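# Reading the structure
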Amino acid sequence: MTADGSDSAAALADAVRRGERSARSVVEAALGGIAARDPELHAFLHVAADGARADADAVDEKVRAGEDPGPLAGVPVALKDNLCTRGIPTTCASRILEGWRPPYDATVVTRLRDAGAVVVGKTNLDEFAMGSSTENSCMGPTRHPMDPSRVPGGSSGGSAAAVGAGLVPLGLGSDTGGSVRQPAALCGVVGMKPTYGVVSRYGLVAFASSLDQIGPFARSVADAALLLEVIAGHDPKDSTCLDRPAPEAMRSLDVGVEGLRVGVCEELVADTAPDVSRRVREAAEDLAGTGALVEEVSVPEMRLGLSAYYLIAPAEASSNLARYDGVRYGLRVDAPDVAQMNTATRTAGFGPEVKRRIMLGTYALSAGYYDAYYGKAQRVRTLLIRAFDRVYEQFDVLIGATAPTTAFAIGERVADPLTMYLSDVCTIPSNLSGHPAISVPFGAGDDGLPVGVQVLAPALCEERMFQVAAALERLAAARARPARGEGRR
Amino acid sequence: MSEPPALGRDDVAHVAGLARLSLSEEELDTFTGQLARVIDHARDVSSLDVHDVPPTAHPLPVRNVLRTDDPCPGLDRGEVLAAAPDVEDGRFKVPRIVGEAP
């Protein structure tokens, strides 16, 4: 059971494997919940009901035949709609890909299916994962599961809202600058970004290739660990995917934090709203109370992360999105020659935020400005990595806020892109460094909406990160100050 | 190194052309204001002296990743072409390529 009493993914899979529940009944319940709740939430762009039923029946057939359908047997999963699914629309919430059905599955999708999981649908996102609120979707925004006037965060807001509303126990998103962790924090669920290279990016529609990682959403730390173990591990189809076994994330959950050196990162606390920083301080106190060695630490280089990120990520995006040219797939707007056709297609197909990022990236890479912007941002990236290396000589993990505020109102930040970009300030450093980080729900803000505490760890130290995350989850439960049920509805 | 100049309307028009995007006059004004704010914020990076720090293009120290050259089936050609806006004789079809210089 998870903290709110719903079935955990692990419990559902156990029940299905033992034949106590059919995968079909689990999937029907999820589809029923989506039909009832999603018209308001708009977490899903596509519900693959027929395929989900067929996949569930196949799992049940395996159980009847005495075969093991896998560790996620019959568990409904929602996929961010930038993960390729063979024969199922994959739009990236962009007009330019409307109606496209990929001819192949992403590696994570293959691994989910091999583990017995059932894909129930594709979830809403900021167009091409560019945004922090899911408002940049060409299909309209997703609403926060606890307050429909607020955003769920983003860019993986659809998956976060679907898991947060209890429509599915598990979801996948992608995290380029915080797009899994930030919506997880806002929606009161667990979300994590693995070390760069731990999960294959094959079949993830590319945004910024040196930053992108696929990560899990779940309602408990244990379920997030289970999902990571299923999707991680070497894949020859992604040359940046590390040739090493998947992290044994489940193993460390019950270890506790005694003697562990925890740094409370000043830069991830100072610039956050008072009700958010209060929760981070409580988390630090509680960790100290259970035997961790907690100290404050400053990593001033983190303050350069936002600017470096908003040069590097758009630069890579401008290159990656050059492929949308109206030739091989997706939208084409007819014109007399190829150059005009390219321009007409891209002008009609991309929304304003995607155009902003493409232009920003093209500018940062253009002749005369390359050294001043992209070149310097890459050097600052080195400075940040060195700063982390230095801090991790003294600390085993760092903690801080995941997002500067709780969920904000729909429309509040759309007029000013820079204000929206600041929503990612706490999550960006881990993408630039390639390190793992996880957001764990820890109490609520003054508005009654969830607050997430982030745990950052050195590269490939997922097991230690999950160890601390699981402890935080227990400590949050012990404080018994639920994010739901009190305050607003 | 001297600091780069502020981003202006001509810069936005120039990069839009490079990126094959067409902007209305109104869009050009809006985007110029928004992008100039972001570039201005980036002065904390662009004003730093970091010439002695090597750049990081990628978080992993991996080099020359190769896999064994085993033949395996590719994507189905019919399935791939079925997703294209226009095809002819098993190929992608596009409008005129050669013509007046742009």
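Quantities reported herein were computed from a predicted structural model and do not represent experimental measurements.

## Remarks on the overall build of chain A
Within chain A one finds 15 helices and eleven strands. What you see for chain A is a C-alpha radius of gyration of 21 Å, in line with the 23 Å of a compact globule of 489 residues. For the C-alpha atoms alone, the extent of chain A along its principal axes is close to 65 × 55 × 45 Å.

## Side note on helix α1 (residues 9-18) of chain B
All names here are of chain B. Turning to α1, its buried residues number three or more, namely Asp11, Val12, Val15 and Ala16. Buried positions in α1, seen along its axis, are confined to an arc of 130° and lie on one side of it. Looking one or two residues beyond α1, the residue adopting positive phi is Arg20, at roughly 55°.

## Let's talk about the environment of Glu463 of chain A
Residue and element names in this part refer to chain A. Relative to the assigned elements, Glu463 resides in helix α15 (residues 462-479). C-beta crowding within 10 Å serves as the criterion here: with 18 such atoms nearby, Glu463 is assigned to the partly exposed category. The sequence separation of Glu463 and Ala249 amounts to 214 residues, and the corresponding C-alpha distance is 4.8 Å. Residues contacting Glu463, with those up to four places away along its chain left out, are Pro247, Glu248, Ala249, Arg251 and Ser252.

## Notes on helix α5 (residues 157-164) of chain A
Of all eight residues that make up α5 of chain A, eight are buried, and the element is covered over most of its length. Every buried residue of α5 of chain A is listed here: Gly157, Gly158, Ser159, Ala160, Ala161, Ala162, Val163 and Gly164 of chain A.

## Notes on the interface of chain A and chain B
Accessible area lost on assembly of the parts is the figure often given for the size of an interface. At the junction of the two partners, chain A supplies 56 residues and chain B supplies 48 residues. Every element with two or more residues in the side of chain A that touches chain B is listed here: α9 (305-320), α10 (338-349), α11 (352-365), α12 (371-391) and α13 (417-421) of chain A. For the side of chain A that touches chain B, the leading source of residues is α12 of chain A, giving twelve residues. Of the residues contributing to the side of chain A that touches chain B, the split by class is 29 nonpolar, 17 polar and ten charged.

## A few points about the pairing of strand β8 (residues 293-297) of chain A
Residues and elements named next belong to chain A. In this sheet, β8 lies alongside strand β7 (residues 261-265) in parallel orientation, the contact comprising five bridges. Each residue of the ladder has a partner; that of Val264, found in β8, is Glu296. The handedness of the β7 to β8 crossover, carried by helix α8 (residues 274-289), is right-handed.

## A look at the sheet that holds strand β2 (residues 76-80) of chain A
Residues and elements named next belong to chain A. Spatial strand order, β1-β3-β2-β4-β6-β5-β10-β11-β9-β7-β8: eleven strands in an open sheet with mixed pairing. Because the sheet does not close on itself, it has two edges, and the strands there are β1 (44-47) and β8. Taken over all neighbouring pairs, the strand axes of this sheet differ in orientation by 30° on average, direction set aside. Two elements, strand β9 (residues 397-401) and strand β11 (residues 450-456), share four bridges in a ladder whose sense is antiparallel. The residue bridging Gly400 from the neighbouring strand is Gln454, located in β11. Along the sheet, helix α2 (residues 23-41) makes contact with β1, β2 and β3 (118-123), crossing β3 at roughly 20°.

## Things to note about the environment of Ala313 of chain A
Relative to the helices and strands, Ala313 of chain A resides in helix α9. Those residues in contact with Ala313 of chain A that lie beyond four places of it in its chain are Thr176, Gly177, Ala208 and Leu211 of chain A.

## Remarks on the domain arrangement of chain A
Residue and element names in this part refer to chain A. Splitting chain A by domain gives domain 1 (9-300 + 386-479) and domain 2 (303-380). A separation of 27 Å is found between the C-alpha centroids of domain 1 and domain 2. Contacts between domain 1 and domain 2 engage 30 residues on the former and 24 residues on the latter. Only α13 and α14 (428-433) provide two or more residues apiece to the side of domain 1 that touches domain 2. If you tally residues by element for the side of domain 1 that touches domain 2, the top one is α14, at four residues. Residue classes in the side of domain 1 that touches domain 2 are distributed as 17 nonpolar, eight polar and five charged.

Reading the values: the criteria
Residues numbered from 1 in each chain as written. Chains lettered and ligands numbered in written order. Predicted model: local features only at pLDDT ≥ 70, side-chain atom pairs only at ≥ 80, totals over all residues. Helix = DSSP H or I, 4+ residues; strand = E, 2+ residues; numbered from the N terminus. Rg over C-alpha atoms; globule rule 2.2 N^0.38 Å. Buried ≥ 20, exposed ≤ 12 C-beta atoms within 10 Å, placed from the backbone. Arc of directions from axis to C-beta. Contact = placed C-beta atoms within 7 Å. Nonpolar A, V, L, I, M, F, W, Y, C, P; charged D, E, K, R; others polar. Pairing = 2+ DSSP bridges. Right-handed = clockwise from strand over helix to strand, strands pointing away. Axes fitted to C-alpha atoms, helices over the stretch in contact; angles between N-to-C directions. Domains from an automatic or database assignment.

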